[in-house]
Amino acid sequence: MAELTTAGALPVLEARGVSKSFPGVKALSDVSITVRAGEVHALVGENGAGKSTLIKILTGVYQCDSGELRHRGEPVTFADPRAAQAAGISTIYQELDLVPMQSAARNLYLGREPRTRLRLVDFARMRREANALLDDYQIRADVDVPLNTLGLGTQQMISVARAVALHANVVIMDEPTSSLESREVETLFGIIRRLRSEGVAIVYVSHRLDELYRICDTVSVLRDGRLVHTGPMAELPRVQLVATMLGRELQTALHRSAPGGGDRIVAGPPVLELRGLTRRNRLHDVSLEVHRGEVVGLGGLLGAGRSETGMAVLGAQELDSGAVLVEGKPIRTGSPGAAIEAGVALLPEDRKLEGILPNLSIRDNIAIAALPRMSRLGLVSDKRIDQLVEHFMARLHIRATGPGQKVSTLSGGNQQKVMLARWLCLSPRVLVLDEPTRGIDVGAKFEVRQTIDELAAEGLAVLLISSETEELVDESDRIVVLKDGAVVAVLDGDDISEHDLVQAIAAVPSPEEDPTRD
Amino acid sequence: MTSLSTAVAGTAARADRATVLRWTRDNGVYVALVLIVVYNVLFTPRFITWDNLDVQLVLCTRIVVVALGMAMVIGTAGIDLSVGAVMALSGALLVQFSGVPGVGAIALALVIGGLVGVLNGFLVGVVGIQPIVATLAFLFAGRSLAQLLLAGKNPSIHDKVILGISSGHVLGVNGLIIAALVAVGLVAFTVRRTNFGRQLLAVGDNARASYLSGVPVRRTLIGVYVLSGVLAAWAGVMDTASITSANALSSGLNYELFAITAVVVGGTPLTGGRVRVVGTVAAAILMQLLRSTLIFHSATDAVSQMVTAVVIVGAVYIQRVRARA
């Protein structure tokens, strides 16, 4: 890897050849990264790239299997997060690790409260100092009320202020702006710039490209547990950054036509129509249409609002405004049962948390959504269920000892096929697939993708969410690209190439639209 | 080579151990029941008499009925602490309204039990309060209501229909046993044959996935607590019929704990997703026989409770192994 060129500033924190494995997974292999004083260092990568693991190693949550950490040039081992904190490495986690029921002042001085001569907590001084500290960083917050009564953004600011008060020399921020309003983002950036000028090193994890280019000096990209790029932020064009994250070489990103794409019937009124879906901080005016026999891809980076859009189709995402229509009829929010009745089916992204019923059998897992249709007077017909289960186990090639096998004992691919079967037995009109091939082996991946083709050919309207650009390009008739919860591009028909898609996901703003760059 | 074969043998041994534990978890309660019956046949005089079996079974009928409702609640990964109080309230209602024909008073008690279930289910399913806290409220409120209704008295009951439940016999089988068997049949049917039964297991196994699959999660949770409340009220009717009077302080006291014990020892995991009807019944009978056996062989009640504790810990230990396997 190219050595850093940014200034001759001292390395504060270094990882050298760090590797970490978990049972069955190599989370990090031979990662080296150098964080220097007074720099904002972006750490980027898609899901499973190893960012969290790396951060946890830097902050003492995990210990690396091989390689070493250096803090201010000296080799160190952090046995636990406390040790890292004592060395001046502070973390602002997505999930704030403060005490929600205590006041902001108490949180700022947690574990190092000012004491009176009698060794009692000096509340008056603590308040005074807390107020002075927040004023200094222009954070407006009442230091006396419990932390959880303050807004998420304010809590985050207080978390940052706490790091400052601890005289941190490295501050690690994991998606710090995910719950902030744009005004709060400005305050945060003000604080970051000031910390930088004071010589603090900042590791900044975010998927928001605009923010990275605004605030970061250096960028390191992780992919599949490896460091694939490190260098000055300004020297890495957006498109190149996205291509690096997704592992797509631009020159090889050629267009491949969708299999069976030519036969797909795309006509008539849309089966699925999304009108101006809006949800504070999540979705902004997302509209799209899917016709019979059409596969519409939904592209974008993590946190772009793809899964939220998918959930909205099922009525499982709260909306501030906007409507979902299936065959012209609106879907009621808050009742997936009604959406399913109207012909919607959704394969969720997180199979384990949102999909499978782990301790129940394949049979029960397949039949759960179809129960109301399979029964008379609320009584289960095992005969009909068994026929259905047998049919879909054969059609989708589900490999198991039998329909009675517990689903948690199946491989990821077979679990995914069970999930598909759950939805296909409803003969849906609209199928939302959220990362249908994530975490399953190549063979199963191929089978799942083949099934998607078949379904579209049968006339289903498919909304395909995927982080794999190749999958989106291969499968989709049209790709809608989301960024920060809004539609930024629609790629249609023959124009679709991975190159275009990566460009669109990177969403290079034209110069006049980009006044924020500084 | 040696280390490899040792490792393989170790894996095999572990797998065997898991199989043994799983078998023990599923069938341990039956084995224990058989063992304690055999022990009594051999060492307890006059154990195998119709009268004694009748007495032993009658003693556990109320626990069986309450435990069946509890098993369904636990199947949704919940818990219902209000059942003992509902029993007391049910008894109080029976005597207060025994002026109306007995059948009407029984129906009223069951309806009120169901309404308590609606309240519990609403707190758990709609408001989102943890079941242990939501149902704790009525554990206090229910018994207080019963005390208010009875105003410090323990009135006797004279209604023939109600008394008939405990004094009547069908083919020589005590009415209370019949009353419990009816409940067993209904619960077994509900869990195995109805959509509701399948859905409650799904909710217990993964509520979010169930919701996204169109299962009416709230309605299912409310339904489960309603059934638990109705069954507890039914147990209260049986209890009142059996002691021929209502007692706000002692009726159903600690029954929530006896019921949870029967459910856990019967092999239903507290984590939800599974309901063992027959196992729960067997466990209720087992706990009763265990207690009678110890008392017959001159152990004190304190000792018998210690033994109960050991059985519970053993049952939970086996479940813990299941959770890891």
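Residues numbered from 1 in each chain as written. Chains lettered and ligands numbered in written order. Predicted model: local features only at pLDDT ≥ 70, side-chain atom pairs only at ≥ 80, totals over all residues. Heavy atoms only, no water.

Structural notes on the overall build of chain B
On a plain count of helices and strands, chain B comes out with 13 helices and two strands. Buried residues in chain B amount to 52% of all 325 residues. Across chain B, contacts joining residues at least 24 apart in sequence account for 79% of those joining residues at least 6 apart. Of the roughly 14,600 Å² of accessible surface on chain B, a fraction of 71% belongs to carbon and sulfur atoms. (Helix = DSSP H or I, 4+ residues; strand = E, 2+ residues; numbered from the N terminus. Buried < 20%, exposed > 50% of the residue type's maximum accessible area, 1.4 Å probe, protein only. Contact = heavy atoms within 4.5 Å. Areas by Shrake-Rupley, 256 points an atom, 1.4 Å probe, with all protein chains shown as cover.)

A short note on the overall build of chain A
Across its full length, chain A carries 18 helices and 20 strands. For 518 residues, the compact-globule estimate of 2.2 N^0.38 gives 24 Å, and the C-alpha radius of gyration of chain A, at 25 Å, lies within 12% of that figure. Over its C-alpha atoms, taken along the principal directions, chain A stretches across nearly 80 × 55 × 45 Å. The 518 residues of chain A split such that 54% are buried. (Rg over C-alpha atoms; globule rule 2.2 N^0.38 Å.)

Considering the nonpolar core
In this structure, Tyr204(A) and Leu241(A) are the most contacted members of the largest nonpolar core, which totals 232 residues. Among the elements that make up this core, the one with the highest residue count is helix H2 (residues 50–75) of chain B (13 residues). The next biggest cluster of nonpolar side chains, apart from the first, holds 25 residues, and it includes Leu28(A), Leu54(A), Val170(A) and Ile172(A). (Core = buried A, V, L, I, M, F, W, Y, C linked by side-chain atoms within 4.5 Å.)

Structural notes on the sheet that holds strand E8 (residues 201–205) of chain A
All names here are of chain A. The sheet built from six strands is open, its strands ordered E6-E7-E8-E3-E9-E10 with mixed pairing. The open sheet terminates on both sides in strands that have one partner only, identified here as strand E6 (89–92) and strand E10 (226–232). For this sheet the average axis-to-axis angle between neighbouring strands, irrespective of direction, equals 15 degrees. Sheet topology places E6 next to strand E7 (residues 170–174); four bridges connect them, and they run parallel. Bridging across to E7, Ile92 finds its partner in Met173. Contacting strand E3 (40–44), E6, E7, E8 and strand E9 (218–223), helix H1 (residues 51–58) runs over the sheet at an angle of about 135 degrees to E3. (Pairing = 2+ DSSP bridges. Axes fitted to C-alpha atoms, helices over the stretch in contact; angles between N-to-C directions.)

Considerations on the sheet that holds strand E11 (residues 272–279) of chain A
Residue and element names in this part refer to chain A. In space, the four strands of this open sheet follow the order E12-E11-E14-E15, with antiparallel pairing throughout. This sheet does not close on itself; its edge strands, each paired only once, are strand E12 (283–290) and strand E15 (329–330). Judged from the five bridges that link them, E11 and strand E14 (residues 321–326) form a sheet pairing that is antiparallel. Bridge pairing in E14 links Leu272 to Val326. Here helix H9 (residues 306–313) sits on the sheet and contacts E11, E12 and E14; the angle it forms with E11, its principal contact strand, is near 120 degrees.

Description of the packing of aromatic side chains
All chains considered together, the criterion is met by three aromatic pairs over all chains. Between the aromatic rings of Tyr39(B) and Phe43(B), the centroid separation amounts to 4.9 Å while the plane-to-plane angle is 45 degrees, which identifies the pairing as tilted. With Tyr39(B) and Phe43(B) both in helix H1 (residues 2–43) and four residues apart, the pair spans about one turn of that helix. Centroid distance Tyr255(B) to Phe258(B): 5.5 Å. Interplanar angle 70 degrees. Geometry classified as edge-to-face. Remark: Phe258(B) and Tyr255(B) occur in helix H11 (residues 255–265); sequence separation between them is three residues, near one turn of the helix. The exposure class of Phe258(B) is partly exposed, given its relative accessible area of 38%. In this structure, Arg194(A) is placed above the aromatic ring of Tyr137(A), and the distance from its NZ or CZ to the ring centre is 4.1 Å. (Phe/Tyr/Trp six-rings, centres within 6.5 Å; stacked < 30°, edge-to-face > 60°. Lys NZ or Arg CZ within 6 Å of the ring centre and 35° of its normal.)

Some remarks on the packing of helix H8 (residues 195–205) of chain B against helix H10 (residues 217–243) of chain B
Packed helices, taken two at a time, are described by the angle their axes make and the gap between the axes. Residues and elements named next belong to chain B. Interhelical geometry of H8 versus H10 gives an angle of 105 degrees and a closest axis separation of 10 Å. The angle between H8 and H10 places the two elements in the roughly perpendicular class. Only Val217, Thr220, Leu221, Gly223, Val224 and Leu227 of H10 make contact with H8, whose side of the interface consists of Phe196, Gln199, Leu200 and Val203. (Parallel < 35°, antiparallel > 145°, perpendicular 65-115°, else oblique.)

Observations regarding the interface of chain A and chain B
Residue-level contacts link 31 residues of chain A with 20 residues of chain B. Across the chain A to chain B interface the summed buried area is about 2,000 Å²; carbon plus sulfur atoms make up 52%. It is Glu354(A), Ile368(A) and Val380(A) that lose the most area in chain A upon contact with chain B, and together they represent 23% of the buried surface on that side. Along the contact surface separating chain A from chain B lie three salt bridges. Between Arg193(B) and Asp382(A) there is a salt bridge, with its nearest N and O atoms 3.2 Å apart. (Buried area = accessible area lost by both parts, 1.4 Å probe. Salt bridge = Lys/Arg side-chain N within 4 Å of Asp/Glu carboxyl O.)

With respect to unusual backbone geometry
Of note, the phi angle at Ser427(A) is positive, near 45 degrees, even though the residue is not glycine. With respect to the helices and strands, Ser427(A) occurs in the loop between helix H15 (412–424) and strand E17 (430–434).

With respect to helix H12 (residues 277–296) of chain B
Along its 20 residues, H12(B) runs 29 Å from first to last C-alpha, staying within 8% of the 28 Å computed at 1.5 Å per residue. Of the residues one or two after H12(B), Ser298(B) is the one with positive phi, at around 65 degrees. (Expected span 1.5 Å × (residues − 1).)

Brief notes about the pairing of E17(A)
All names here are of chain A. The element E17 is extensively covered by neighbouring structure, given that five of its five residues are classed as buried. What you see with E17 is no split at all: Val430, Val432 and Asp434 on one side and Leu431 and Leu433 on the other are buried throughout. Direction of pairing for E17 relative to strand E18 (residues 461–465): parallel, over a ladder of five bridges. Opposite Leu433, over in E18, you have Leu464 as the bridge partner. Considered for its hand, the β-α-β crossover made up of E17, helix H16 (residues 442–457) and E18 is right-handed. (Right-handed = clockwise from strand over helix to strand, strands pointing away.)

Observations regarding the pairing of E10(A)
Residue and element names in this part refer to chain A. Where E9 meets E10, six bridges bridge the pair, whose relative direction is antiparallel. Across the sheet, Thr218 pairs through a bridge with Pro232, a residue of E10. Connecting E9 to the antiparallel partner E10 that follows it, the hairpin turn spans two residues, and Asp224 within it adopts a positive phi of roughly 50 degrees.

Things to note about the side chain of Arg449(A)
Residues and elements named next belong to chain A. Among the secondary structure elements, Arg449 is positioned in helix H16. On the basis of relative accessibility, which here comes to 15%, the residue Arg449 falls in the buried class. Those residues in contact with Arg449 that sit more than four places away from it in its chain are Thr437, Glu470, Glu471, Asp474 and Glu475.

Focus: the environment of Ile202(A)
Residue and element names in this part refer to chain A. One can find Ile202 in strand E8. Taking relative accessible area as the criterion, Ile202 reaches 0% and is therefore assigned buried. Distance in space between the C-alpha atoms of Ile202 and Met173 is 7.4 Å, their sequence separation being 29 residues. What Ile202 contacts, discounting residues up to four positions off in sequence, is Glu39, Val40, His41, Val171, Met173, Ile192, Leu195 and Arg196.

A look at the domain arrangement of chain A
All names here are of chain A. Structurally, chain A comprises domain 1 (11–88 + 169–236), domain 2 (103–167), domain 3 (269–343 + 428–507) and domain 4 (354–426). A straight line from the C-alpha centre of domain 1 to that of domain 3 covers 32 Å. Summing both sides of the interface, domain 1 and domain 3 together bury roughly 890 Å²; the carbon and sulfur share of this comes to 41%. Taken together, the links from domain 1 to domain 3 amount to one salt bridge. Salt-bridge contacts for Asp210 lead to Lys483; the nearest nitrogen and oxygen are separated by 3.1 Å. Counting every contact that joins domain 1 to domain 3 gives one residue pair in polar contact (both at pLDDT 80 or more). Looking at the side of domain 1 that touches domain 3 residue by residue, the classes come out as two nonpolar, three polar and four charged. (Domains from an automatic or database assignment. Polar contact = N/O pair within 3.5 Å; in protein donor to acceptor, adjacent residues only side chain to side chain. Nonpolar A, V, L, I, M, F, W, Y, C, P; charged D, E, K, R; others polar.)

Notes on the pattern of salt bridges
Residue and element names in this part refer to chain A. Within the structure shown, the criterion is met by 35 salt bridges over all chains. Arg194 is the partner of Asp136 in a salt bridge, and the nearest nitrogen-oxygen pair spans 2.8 Å. Of the two residues, Asp136 sits in helix H4 (residues 123–136) while Arg194 sits in helix H6 (residues 182–197), which places them 58 residues apart along the sequence. Residue Arg194 is classed as partly exposed on the basis of its relative accessible area, which comes to 27%. A salt bridge links Glu273 to Arg275, with the shortest nitrogen-to-oxygen separation between them at 3.1 Å.

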